[in-house]
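# Summary of the model geometry
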Amino acid sequence: MRKYVIMGVQGSGKGTQSQLLAADLDLVHIGVGDIFRWNVQNHTKMGAQVRRTMAAGELVGDDLVESVVRDRLTQHDWNFGFIIDGFPRNRRQAEFFLESYDIDGVIVLDLPDSEVRRRVLNRRLCADCGMDYHLIDSSPKVAGRCDSCGGDLVTREDDTEEALAVRLRDYHEKTDPVIELFRRKEYVFTVDARSAPEAVQDQIRKCLRLPPMTARKPRGASEGSSPPVPVEARQPGAAGA
Ligand code: ADP
Ligand code: ZN
């Protein structure tokens with residue numbers, strides 16, 4: 001059983017790296033932001049509650065975030081473990097988490113703020129499968145179309161200059177101290193996130209003393225990673241396939 005947390009500033013590749021690790025080790029990938037985005041896209045009650053907060057780049061309230069994480073983890077579909085991404089983001093969330101779960105490692109993806117802007121402002125997301133693209137570094141074969149499922153590529157509502165400034169400020173003010181807290185407990189592995197995704201993944205595995213990735217999964221091969229919410233809770237025809 002492996003329980004990992006992945007942290008890193010916006011655009012540092014938490015989602016990509018967690019999915020690679022999760023698919024290979026049969027971990028459940030829990031992306032807290034993905035869960036909220038799914039709720040917004042599917043017009044749930046929770047989605048209505050968080051939509052404006054997210055678009056402005058602000059943090060959702062701790063009570064709601066904690067209940068989302070608690071509900072997700074009590075599903076116990078994580079026989080081989082989990083990797084959680086986007087949580088904890090502040091001291092209170094970290095305390096809640098440490099009280100309830102023992103963690104095997106915290107991976108910190110290190111990226112300078114200057115690179116964050118370049119990545120985030122050029123990022124596009126597949127509206128259907130969530131796969132992400134970078135217009136310069138990893139552009140889709142057909143402009144505006146997902147290589148993997150053919151879905152429309154869209155810009156995240158919070159990937160704007162204004163919202164990014166808020167997100168970065170919160171990250172340094174509230175999330176940096178969480179990394180310090182974990183560091184004191186000696187769980188932290190810091191990896192340089194400027195390299196190509198495969199190289200970053202190799203570094204993560206070295207830090208966690210895991211064998212190198214068994215087979216290189218082509219871009220877009222995300223089957224095996226779990227949807228942001230359990231399948232039975234999704235509406236028919238929603239993302240996936
Ligand atoms: P990023 O790390 O790029 O900001 P995420 O996809 O992790 O993006 O999160 C998107 C948004 O979801 C955040 O800006 C915030 O509004 C909300 N969110 C996600 N995780 C948390 C959290 N742990 N606490 C509060 N809000 C969160
Ligand atoms: Zn797609």
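Structure shown above.
Summarised in this report is the structure supplied together with it. Remember, it's a predicted structure, so these values are computed and weren't measured experimentally. Note on numbering: residues in each chain are counted from 1, in written sequence order. Both sets of labels track the order of writing: A upward for chains, 1 upward for ligands. A pLDDT threshold of at least 70 governs which residues receive local features in this predicted model, and a stricter bar of 80 or more applies before side-chain atom pairs are shown or counted, although totals over entire chains, interfaces and linings include all residues. Excluded from the side-chain calculations are hydrogens and water; all other atoms, namely the structure's heavy atoms, are used.

## Describing the overall build of the chain
Selection criterion: A run of DSSP states H or I qualifies as a helix once it reaches four residues; a run of E qualifies as a strand once it reaches two. Both are numbered from the N-terminal end. The classification of residues rests on relative accessible area computed with a 1.4 Å probe and restricted to protein chains. Under 20% of the type maximum is buried, over 50% is exposed, and intermediate values are partly exposed. Contacts between residues were defined by any pair of non-hydrogen atoms, one from each residue, lying within 4.5 Å. Note that accessible areas follow from Shrake-Rupley with a 1.4 Å probe, and for residues the cover is restricted to the protein chains shown.
The helix and strand inventory of the chain stands at 8 helices and 8 strands. Taking all 241 residues of the chain together, the buried fraction comes to 48%. A separation threshold of at least 6 residues defines the contact pool for the chain, and within that pool the share at least 24 residues apart is 71%. Carbon and sulfur atoms make up 49% of the accessible area of the chain, which totals about 12,300 Å².

## What to know about unusual backbone geometry
In this chain, Phe87 is followed by Pro88 through a cis amide linkage whose omega measures -5 degrees. Turning to its location among the elements, Pro88 is positioned in the loop between β3 (81-85) and α5 (91-100). Positive phi, close to 55 degrees, is recorded for Arg209, a residue that is not glycine. With respect to the secondary-structure elements, Arg209 resides in the segment after α8 (197-207). What makes Arg209 exposed here is its relative accessible area of 77%.

## Description of helix α6 (residues 113-121)
Definition in use: By definition, the arc is the one covered by directions from the helix axis to the C-beta atoms.
Within α6 the residues assigned to the buried category are Glu115, Val116, Arg119 and Val120. Along α6, the residues classed as buried sweep out an arc of 120 degrees about the axis, all on the same side. In this fold, the buried residues of α6 make contact with β5 (123-126), β6 (132-134) and α7 (161-184).

## A short note on the pattern of salt bridges
Once their charged atoms are close, side chains differing in charge can pair, the charge on each being opposite to the other. Operational definition: Any Lys or Arg side-chain nitrogen located within 4 Å of an Asp or Glu carboxyl oxygen qualifies as a salt bridge.
The tally for this structure, following the rule as stated, stands at 21 salt bridges. For Asp24, the salt bridge goes to Arg205, with nearest N and O atoms at 3.1 Å. Highlighted residues: Asp24 in helix α1 (residues 14-25) and Arg205 in helix α8, separated in sequence by 181 residues. Considered together, Asp24 and Arg205 belong to a single accessibility category, that of buried residues.

## Quick word on the site of ligand 1
Applied cut-off: Only a single heavy atom is needed: when it lies within 4 Å of a molecule or strand, its residue is near that molecule or strand. Here a polar contact means two N or O atoms within 3.5 Å. Within protein one must be a hydrogen donor candidate and the other an acceptor candidate, and residues neighboring in sequence count only if both atoms are side-chain atoms. For this scheme, ten residues count as nonpolar: Ala, Val, Leu, Ile, Met, Phe, Trp, Tyr, Cys and Pro. Four count as charged, namely Asp, Glu, Lys and Arg, and the remainder, Gly too, count as polar.
As a matter of local geometry, ligand 1 sits amid 18 residues, with Arg37, Glu58, Gly86, Arg89 and Arg167 nearest to it. A distance of 2.9 Å is found between an oxygen atom of ligand 1 and a side-chain nitrogen or oxygen belonging to Lys14. Contacts to ligand 1 include Gln93, whose side-chain N or O atom sits 2.9 Å from a nitrogen atom. Relative to its unbound accessible area of 540 Å², ligand 1 is 97% covered by the protein chains. With 4 residues, the top contributor of residues to the shell around ligand 1 is helix α2 (residues 32-41). Of the residues contributing to the shell around ligand 1, the split by class is 7 nonpolar, 4 polar and 7 charged.

## Focus on the nonpolar core
Note the threshold: As used here, the term nonpolar core means buried Ala, Val, Leu, Ile, Met, Phe, Trp, Tyr and Cys residues forming a set that is joined through side-chain atoms within 4.5 Å.
Within the largest apolar cluster, 55 residues are counted, with the highest numbers of intra-cluster contacts made by Met7, Leu21, Phe36, Ile84, Phe97, Val106 and Phe182. In this structure, Met7 is in contact with Lys14, Pro88, Val106, Ile107, Val108, Leu109, Tyr171, Thr175, Val178, Ile179 and Phe182, ignoring residues within four places of it in sequence. Of all hydrophobic cores here, the second largest spans 5 residues; its members include Cys126, Met131, Cys146 and Leu153.

## Quick notes on the environment of Gln93
Positionally, Gln93 belongs in helix α5. Judged by relative accessible area, Gln93 falls into the buried class, the value being 3%. Separated by 30 residues in the primary sequence, Gln93 and Asp63 place their C-alpha atoms 9.1 Å from one another. Not counting chain neighbours up to four residues away, the residues in contact with Gln93 comprise Asp62, Val65, Glu66, Phe87 and Pro88.

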